[in-house]
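Close look at the chain arrangement
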Amino acid sequence: QTQINNEKIIVIGAGIAGLAAAKKLQDSGHEVFILEARNRIGGRIHTDRSLGYALDMGASWIHGIDDNPIYELALESRAPLSRPTDYDNHIIYDVEGDKDPISTEQSSEFLVQVGKRSLQWGNEKRFNKSMGELIASLRADGKLDFINNSRELDYLSNVVIEHEYAGAVEGMSAIQASEGEDLEGDDVVFPNGYDQLTEHLAKNLDIRLQQVVNEIKYDASGVTVITSQGSFTGDRVVVTLPIGVLRAGSVQFTPSLPKTKLQAIQAIGSGTLNKVWMHFAQAFWDTNKDVIGYVSEPKGQFSEFFYFPELKDGKVLIGFNAGSYGEAIEALSDEQIIDHAMATLTIMYGTQIPRPDQYKISRWHSDPYAKGSYGYLRVGAKYSHREKLRENVAQRLFFAGEATSADYAATTEGAYRTGLQAAAEIIGAAN
């Protein structure tokens, strides 16, 4: 039986990837501690409880509960789950207030056409094409003639693609839609908050908060991590910094990262998806629907609202904004954002509706420790860039997080799996 060499491992970031890695490493006998910049754990899993109930400002869904480690974790932590979200149970309003200008069949067909061409262009190695160009080419070929007008096409581009990948179609690679694995099974949310999972994982881990990492030094003898509060040394480090933070270069690596790693960081963008949670005195919307769409003019402004009847007293509505507008909205005040949401809801439900009595708004793009919601492939990226982002450097720096997941990018599942993967690599290397 081989004796494990107990090493000292530093994990940067107490999001789900960092927590997964730390727990696995600690369970296998290593000495582990986590350095986290924020004054809380969870990273982009963030449940706000300031109004007395759980509002998930970041991750909401388990995408596909079949064979999903996040679902196992939910069962293990005894977190109650919602009924499955039925995305087809939706109603769409147009700017004139008309109902259902776009059918479910049209939405599905749009996705099929985009997926087919994305795969085709990927196979043809057309990496310098954007998703915007792909949609334009489909349109030019008459493949989207079933869509009534350009406003409805904008709506579909926004909710089907930009909301999914959090980037703008102009800057997103055309191959994005054919990347990764499909997640099987229902999508569910946590009525009492996603943080039940991160709290469960964090039990018995040594987590040091408000440690803003400035520099990571590495050589043949080990690693040194310099934070706002001091200097820490160890044998290896697991870096779970979000792609937005890596892209911003706010953490210095000494020596600098290899060229392939820097190219991967350049190839993956950091997209924005923001939420506006609103609680009303009464529910005035279509409470028999899970999703309420709005064909906005201009594109992508409060194009999608979700309703979870399980949440609080069934009087909470959540508005989504993604891509360019998701980013732009962050410069507005809360009051201005609520005004905009209300202007949209008024078109759909009339002028007699109440203003929300409580609200919470996310601003992931301007969050210094996230700088975006999740990663997407930029124009010019190849599928292999995620793998390059995940590759370890000199057996000292190991990388994890949703942006490094080739199969399940942009999901908590992807983040969690890569955390376990980094831990397994270290356990291998340490023996």
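Description of the structure in this document. Here the structure is a predicted model, which means the values were calculated and not measured.

Definitions and cut-offs
Residues numbered from 1 in each chain as written. Predicted model: local features only at pLDDT ≥ 70, side-chain atom pairs only at ≥ 80, totals over all residues. Heavy atoms only, no water. Helix = DSSP H or I, 4+ residues; strand = E, 2+ residues; numbered from the N terminus. Polar contact = N/O pair within 3.5 Å; in protein donor to acceptor, adjacent residues only side chain to side chain. Contact = heavy atoms within 4.5 Å. Buried < 20%, exposed > 50% of the residue type's maximum accessible area, 1.4 Å probe, protein only. Expected span 1.5 Å × (residues − 1). Pairing = 2+ DSSP bridges. 1 Å grid on protein atoms, 1.4 Å probe; cavity = no way out; pocket = protein on both sides within 12 Å on 5 of 7 lines; lining within 4 Å. Points joined across faces, edges and corners; volume = space filled by probe spheres on them. Nonpolar A, V, L, I, M, F, W, Y, C, P; charged D, E, K, R; others polar.

**Description of the side chain of N68**
Positionally, N68 belongs in the loop between strand 5 (61-62) and helix 2 (69-76). Of the polar contacts made by the side chain of N68, one reaches the backbone oxygen of H63; its length is 3.4 Å. When neighbours within four sequence positions are excluded, N68 is seen to be in contact with I62, H63 and E413.

**Re the side chain of S130**
Tracing the chain through its elements places S130 in the loop between helix 3 (104-123) and helix 4 (131-140). Classification of S130 by relative accessible area gives buried; the value is 6%. Of note is the side chain of S130, whose polar atom sits 3.3 Å from the backbone nitrogen of G132.

**Remarks on helix 5 (residues 150-165)**
With 16 residues, helix 5 should cover 22 Å at 1.5 Å per step; its first-to-last C-alpha distance of 21 Å lies within 8% of that length. Two to three positions downstream of the cap, the backbone nitrogen of R151 sits 3.2 Å from a side-chain oxygen, assigning the N-cap of helix 5 to N149. Positioned one or two residues after helix 5, A166 has a phi angle of 70°, which is positive.

**A short note on the pairing of strand 15 (residues 273-279)**
The buried fraction of strand 15 is high, at seven of seven residues. The alternating pattern of strand 15 places L273, K275, W277 and H279 on one face and N274, V276 and M278 on the opposite face, and all of these are buried. As paired strands, strand 15 and strand 18 (residues 316-322) are joined by seven bridges and run antiparallel to one another. Note that in strand 18 the partner of N274 across the bridge is N321.

**Let's talk about empty space enclosed by the protein**
A water-sized probe, rolled over the atoms, reveals where empty space remains. In the structure shown here, the tally under the stated rule is one cavity of 30 Å³ or more. Volume-wise, the largest cavity comes out at about 70 Å³. What lines the largest cavity is simply A54, L55, D56, S60, V189, F190, P191, W277, F308 and L311. Within the lining of the largest cavity, the residues separate by chemical class into eight nonpolar, one polar and one charged.

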